[in-house]
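Summary of the model geometry
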Amino acid sequence: MQRTIIRELERLVGGAGVLSSAEDLLLYEYDGSVEEAHPDAIVFPRRKEDVVEIVKLANRHEVSIVGRGAGTGLSGGALARQGGIVVAFSRMNHILEIDAENQRAVVEPGVVNLDLSRAAEKYGLYFAPDPSSQKSCTIGGNVSENSGGPHTLAYGVTSNHVTGLELVLPEGDVVQVGGRTMETPGYDLTGLLVGSEGTFALVTEIIVRLLRLPEDVRTLLAIYDSLEDATDSVVDITARGIIPAACEMLDGWTLRAVEAYVHAGFPLDSAAVLLMEVEGVRESAEAQAAEIIEVCRNHRAREVRRARDDRERALLWKGRKEAFGAVGRVSPSYYVLDGVIPRTKLTPTLLRIEEIAKRYGFVIGNIFHAGDGNLHPLILFDHRDPDQFRRARAAGTEIMQLCVEMGGTLTGEHGVGMEKNELMPLMFNETDLDLMRKVRAAFNPVGRLNPDKVLPLGKGCGETRLRPFPLSAGRNA
Amino acid sequence: MSQVAVSLASRLGEFVGAGRILTDSISLASYEVDGCRPSAALLPSSEAEIAEILRFASAERLGVLPVGGKTHLHIGMAPHRYDLALDVSGMNRLLAYEPHDLTLGVEPGVTFADLDRKLREKGQFLPLASPFAERATLGGIVAAAADTPLRYAHGTAKDLLLGLEFVTGEGIISKSGGRVVKNVTGYDLHKLFIGSLGTLGVITRLNFRTFPLPRDQRMFVAAFADQAGTFALCRALMKSQLQPRILDVLDPGTAELFAGRGAGLPSRDSWLAVVEAAGHEAVLERHARELASMSRDAHAAEFIVLDKAQRDQLFGCLCEFSPIVSGATSAATIFRIAALPTSMPALLAEVRKLAERHALKCAILIRALSVIYVALLPPADPKISSGLPSCAQELMDLCNRSGAAAMIERCPLEIKKALGVWPPPGTEQKIAQRLKRVFDPQSILSPGRFRGGI
């Protein structure tokens, strides 16, 4: 990048607000997916006006801009695929207001997800979306990706909790959409913007809804000798009218890897465990927990454990939340997938994934949000072996195809980004994609903002194109 | 019918086949919107037919209004052009329903009541109970962003709609979202269609998530002498651990309109807080106990538990607020005002003063502490009071000043013409216009009806 651009950026935000040396830029070549792309400069705005000026500068010099939060994304959404300027929001990390009485918070995009819940805790409130990376991921990133988490089964994803946004459009205009109220007359632009993966606008302020912390939580762990019994339990629990706050499953291979690392108490010879949580009014949590235990026993659960206190609850969750880390110990790399299928198709889908694993000669672990059918198959491979790379990629594509064939989708919460944009034709035809391109152009007419994401490159090419090394090797997942 | 209209009708007839084009004035009268009557109403039976009609209409620059149960056509401004009514009420099949997945797909013309009956057979429901349930279609409910008392627990269409299939103004068949409960693949174009009044496309399929019916439910009513007590209860409830599924507040005007409808409401001249809890017996008992105590603390005059028949009646009244109000006074002007709970008491006090100054009765319903419906009720004889237009204008100004997001949902045509029904456009207007051009470049779909003249 021209030196003049760097100097102009420095004039805008000060020398300490810009990174451009090769070694500094290296850190911004990755996100949680270990896709790679090389930015030319990183700039750290402190206020909306900085963002506006950065955008105008990028327009004058015709360089790309990409927004970035904590860089924990799992689909390459925050990587500068065409180089250019990365606008890193880590200094715009202020909680501007917690309006406890109206259960709203106004935050800058760089606020860390868990920090907001911690700040709201003294009012008995919290921010419901809880991605596994919540200790480090930012609310701006959550808005871009429409992030989920284990508790979205009952409470919905980020989109259900954002009421308004302040945006800087790629042409430099500042626009407010939505507001503090639950609805505003006109098109629901907030709904469209959440999940647009940073391709429509840079978000400079976010208004979110906070929920009341539940009075009671019951955490259960059901242990099974058969995967099918576990998946049947999931279907039966919802058939009984119970919507757990969370319903997570680990298959036999994964629970063994986790147990070796976390010592959560998972029996090594079991075929699956279900981690479930019900919460809310005390009487309701108790009654639902009792009913879940009955369902699990009817489906031949070997054992159903209840966390007796917060320590036991934390231990059970540790097994789930640190599962990716546990897998990282036993394999040089892994490819995390993120498909969704209808809940009733869990058993046949898992059997087909097992077939695919055998055919490709890989171990594929399964850990997933069973309640909403959101699978996270983990393909274990060694990224140093180019042939394994190729085969892992092919196996991943087959699994995504399988999810779509089962009536599901390509991504439930990780986003499309640059990981799956070439797989979009599995779900959308060229007409659908063209309409999405035009909608993007309504916000981002020359494609300066976060280019080459979400939609397939090469307009008119309906077939699935695959890049040489599009794999998530799970470095930070 | 003019020569032009005759030739138009014969060309359009080719798209839908005999018997599914209406051109006689008696039939067309039922499609009238704000005094505008179309030249023809078409009753397509498939997405492909809709696409052909819209391609033709786009080429000919004909104004088209998508129509379902004709229950929410009063919302929005009068159309700039209205040549064709595209009536999708005949597209009324349940396309997919897998109870164990808690998901379904329907054509746009399925009525809420029909769907509700089918879901209840399987012990489930879609929390979108809306006004005119027997006639209102799912396509219309979504396009009009019709409101429901159940939003306190279940949110609105935004929280329930998983995906859409639609035809754009140019006749392009497309889709967005999916059929599973969790999905971030591609842009959420379907969210734009909620409340879009048919300005972006014609909906041909809707996918929703469903919920298991609660095991049991109980509705409570606390009566207060004034607004202050009612809000004290609401504040206490928001701070409590209770998780009701309904929390609506009625002013004395609305309580009076609902009286005599079998809901067993307490004495007249009261503000009423209506709360419903659902779940196991122990949960209902706890709500009963704590709500009674909170009501006492807030100096409620009465606290009653409704029996099932009364509950069903009152639930019906809450859903049917708008039709009940306009049934009472055809010139009723109903505002839909989104506001924050803490701003409501002051705003309502102003609203009531305003109505009093203009000698207008009003009826107020506060929905889920999110939206205030204010109905201004002019007397039958307009000579007694002509304060309606100025009162409506002042009310709109008051909302705009106080940061509430207001629109007029229903009003006499004169008011609509004089005041408009939308708040002035904001900074988002440029994007809204560009999006309209993406979906409907010739601006043939419901032209002029939406916010900002879209």
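Residues numbered from 1 in each chain as written. Chains lettered and ligands numbered in written order. Predicted model: local features only at pLDDT ≥ 70, side-chain atom pairs only at ≥ 80, totals over all residues. Heavy atoms only, no water.

Right, let's get into the overall build of chain A. Along its length, chain A carries 15 helices and 19 strands. Reported as C-alpha extents along the three principal axes, the dimensions of chain A are approximately 70 × 55 × 40 Å. Residue burial in chain A is summarised as follows: out of 477 residues, 63% are buried. Considering only contacts within chain A whose residues lie at least 6 apart along the sequence, 73% involve residues at least 24 apart. Distance between charge centres in chain A, computed from 53 positive and 67 negative side chains, equals 2 Å. (Helix = DSSP H or I, 4+ residues; strand = E, 2+ residues; numbered from the N terminus. Buried < 20%, exposed > 50% of the residue type's maximum accessible area, 1.4 Å probe, protein only. Contact = heavy atoms within 4.5 Å. Lys, Arg positive; Asp, Glu negative; His and termini not counted. Charge placed at Lys NZ, Arg CZ, Asp CG, Glu CD.)

Glancing now at the confidence of the model for chain A. On average, residues of chain A carry a pLDDT of 92, and 95% of them reach 70 or more. Every residue in residues 459-477 of chain A scores below 50 in pLDDT, and together they form 52 contacts with partners more than four places removed in sequence or on other chains. (pLDDT = per-residue confidence, 0-100.)

With that out of the way, let us pick up the interface of chain B and chain A. In this complex, chain B contributes 74 residues to the contact, which on the side of chain A involves 89 residues. Taken over both partners, the interface formed by chain B and chain A buries close to 6,500 Å², and the fraction arising from carbon and sulfur atoms is 60%. In terms of surface lost to chain A, no three residues of chain B exceed B:K182, B:V184 and B:Y187, which account for 14% of the buried area on that side. Counting across the chain B and chain A interface gives eleven salt bridges. The shortest N-O distance in the salt bridge between A:D372 and B:K182 comes to 3.9 Å. For the pair chain B and chain A, the number of links is 31 residue pairs in polar contact (both at pLDDT 80 or more). Of the residues that constitute the side of chain B that touches chain A, the class distribution is 34 nonpolar, 18 polar and 22 charged. (Buried area = accessible area lost by both parts, 1.4 Å probe. Salt bridge = Lys/Arg side-chain N within 4 Å of Asp/Glu carboxyl O. Polar contact = N/O pair within 3.5 Å; in protein donor to acceptor, adjacent residues only side chain to side chain. Nonpolar A, V, L, I, M, F, W, Y, C, P; charged D, E, K, R; others polar.)

So, about the sheet that holds strand 9 (residues 174-178) of chain A. Each strand in a sheet pairs with its neighbour through backbone hydrogen bonds, running either in the same direction (parallel) or in the opposite one (antiparallel). Residues and elements named next belong to chain A. Here we have five strands laid out as an open sheet, ordered 5-6-10-8-9, and antiparallel in their pairing. Every interior strand has two partners, whereas the edge strands, strand 5 (95-99) and strand 9, have only one. If you compare each strand with its neighbour and ignore which way they point, the axes differ by 10° on average. Where strand 8 (residues 162-168) lies against strand 9, five bridges are found, and the strand directions are antiparallel. Residue pairing across strands places V168 opposite V174, the latter belonging to strand 9. Packed on one face of the sheet, helix 4 (residues 113-121) meets strand 5, strand 6 (104-107) and strand 10 (202-209) and runs near 40° to strand 5. (Pairing = 2+ DSSP bridges. Axes fitted to C-alpha atoms, helices over the stretch in contact; angles between N-to-C directions.)

Residue and element names in this part refer to chain A. Buried residues of helix 12 (residues 323-330): A323, F324, A326 and V327, and no others. Along helix 12, the residues classed as buried sweep out an arc of 155° about the axis, all on the same side. Those residues of helix 12 that are buried lie in contact with helix 9 (252-262), helix 11 (310-321), strand 16 (333-336), strand 18 (364-369) and strand 19 (374-381). (Arc of directions from axis to C-beta.)

Let us now look at the side chain of B:T137. Residue and element names in this part refer to chain B. Assignment of secondary structure puts T137 in the loop between strand 7 (124-125) and helix 5 (138-143). With a relative accessible area of 3%, T137 lands in the buried category. In contact with T137, not counting residues within four places along its chain, are G68, G69, P108, G109, V110 and T111.

Let us now look at the packing of aromatic side chains. According to the stated counting rule, one finds 14 aromatic pairs over all chains in the structure shown. Judged by centre distance (6.3 Å) and plane angle (75°), the rings of A:Y28 and A:F44 are edge-to-face. Highlighted residues: A:Y28 in the loop between helix 2 (22-26) and strand 2 (41-43) and A:F44 in the loop between strand 2 and helix 3 (48-61), separated in sequence by 16 residues. The class of A:Y28 is buried, set by a relative accessible area of 16%. In this structure A:F44 comes out as buried when scored by relative accessible area, which is 7%. Plain terms: the ring middles of B:F193 and B:F439 are 5.8 Å apart, the flat faces sit at 85° to each other, and that makes the pair edge-to-face. Taken as a pair, B:F193 in helix 8 (residues 189-193) and B:F439 in helix 17 (residues 429-439) lie far apart in primary sequence, 246 residues in all. The same class applies to B:F193 as to B:F439, namely buried. When the ring centre of B:Y31 is taken as origin, the NZ or CZ atom of B:K70, which lies over that ring, is 4.0 Å away. The ring of B:F315 is capped by B:R311, whose NZ or CZ atom sits 4.6 Å from the centre of that ring. (Phe/Tyr/Trp six-rings, centres within 6.5 Å; stacked < 30°, edge-to-face > 60°. Lys NZ or Arg CZ within 6 Å of the ring centre and 35° of its normal.)

Looking at chain B as a whole, the pLDDT averages 94, with 98% of positions reaching at least 70. Here the complex is predicted with pTM 0.96, and the ipTM for its interfaces comes to 0.97.

We now examine the sheet that holds strand 3 (residues 64-67) of chain B. Residues and elements named next belong to chain B. One open sheet accounts for four strands, arranged 1-2-4-3; its pairing is mixed. The open sheet terminates on both sides in strands that have one partner only, identified here as strand 1 (21-22) and strand 3. Direction of pairing for strand 3 relative to strand 4 (residues 84-87): parallel, over a ladder of four bridges. Counterpart to V67 in the pairing with strand 4 is D87.

Moving on, we get to the packing of helix 13 (residues 346-360) of chain A against helix 14 (residues 386-405) of chain A. Residue and element names in this part refer to chain A. In contact at an axis separation of 10 Å, helix 13 and helix 14 are set at 160° when each is read in the N-to-C sense. Between helix 13 and helix 14, the crossing angle belongs to the class labelled roughly antiparallel. Here the hand of the crossing between helix 13 and helix 14 comes out right-handed. Residues T349, R352, I353, I356, R359 and Y360 of helix 13 form the contact with helix 14, whose participating residues are R391, A394, A395, E398, I399, L402 and E405. Looking at the contact of helix 13 with helix 14 residue by residue, the classes come out as seven nonpolar, one polar and five charged. (Parallel < 35°, antiparallel > 145°, perpendicular 65-115°, else oblique. Left-handed = near helix turned anticlockwise from the far one by under 90°.)

Moving on to unusual backbone geometry. Phi at A:Q103 is positive, roughly 55°, even though this residue is not glycine. Checked against the element boundaries, A:Q103 lands in the loop between strand 5 and strand 6. The backbone of B:R61 sits at a positive phi, close to 55°, despite the residue not being glycine. Relative to the helices and strands, B:R61 is located in the loop between helix 3 (47-60) and strand 3. Among the residues examined, B:R61 registers a relative accessible area of 45% and is labelled partly exposed.

Glancing now at the side chain of B:R151. Within the secondary structure, B:R151 sits in helix 6 (residues 151-154). In this structure B:R151 comes out as buried when scored by relative accessible area, which is 7%. At 2.9 Å, the side chain of B:R151 forms a polar contact with the side chain of A:E183. With sequence-adjacent residues up to four places away left out, B:R151 is seen in contact with A:M182, A:E183, B:T156, B:R336, B:R367, B:A368, B:S370 and B:V371.

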